[in-house]
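# Examining the three-dimensional arrangement
Below are the chains, spelled out letter by letter.
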Amino acid sequence: MGKKLRRFDQTDRQNGRKTLQLCRQVERSLCYALGSVGDDVLGGLLVMSVDPAPDATHLLVSVSISDEDVQPEEVLQHLGTALPRLRQEVARDIHRRRVPDLGFRCIANN
């Protein structure tokens, strides 16, 4: 006999909804925080998406670079430097016990 497949139940829908809600909250928070950090490189970024990676404890933030002269490596370096402050801003805005870890990737702006 085969394995019994687990049904997608109410708890799964609730967890999925809450994860998506968290991603939207973090996205809004980062949009504001990147503009207020006082860093010209970070101020020129556009948050494209925030996705669970692989779950709500780790989020992957995709950013687009608006300045053609700025390289992705430079952006990632500035994000690494500003990460503690960005997480602090997110913590203030999302009202959760634990702030998710944030990872960043640059999306080519063609």
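Rules of the game
Residues numbered from 1 in each chain as written. Predicted model: local features only at pLDDT ≥ 70, side-chain atom pairs only at ≥ 80, totals over all residues. Heavy atoms only, no water. 1 Å grid on protein atoms, 1.4 Å probe; cavity = no way out; pocket = protein on both sides within 12 Å on 5 of 7 lines; lining within 4 Å. Points joined across faces, edges and corners; volume = space filled by probe spheres on them. Nonpolar A, V, L, I, M, F, W, Y, C, P; charged D, E, K, R; others polar. Salt bridge = Lys/Arg side-chain N within 4 Å of Asp/Glu carboxyl O. Helix = DSSP H or I, 4+ residues; strand = E, 2+ residues; numbered from the N terminus. Buried < 20%, exposed > 50% of the residue type's maximum accessible area, 1.4 Å probe, protein only.

## Considering the layout of surface pockets
In this structure, the largest pocket encloses a volume near 170 Å³. Forming the walls of the largest pocket are Leu 22, Ala 56, Thr 57, Arg 96, Arg 97, Arg 98, Val 99 and Pro 100. The class makeup of the residues in the lining of the largest pocket is four nonpolar, one polar and three charged.

## With respect to the pattern of salt bridges
Counting across every chain of the model gives three salt bridges. Here Arg 87 ties to Asp 101 by a salt bridge, and the two come within 3.9 Å at their closest N and O atoms. Placement of Arg 87 in helix α3 (residues 72-94) and of Asp 101 in strand β3 (residues 101-107) is noted, with a sequence separation of 14 residues between them. Looking at Arg 87, the relative accessible area reads 27%, which means it is partly exposed. Notably, a salt bridge pairs Asp 93 with Arg 92, separated by 3.8 Å at the nearest N-O pair. Each member of the salt-bridge network shares a partner with another, and the members are Glu 89, Arg 92 and Asp 93.

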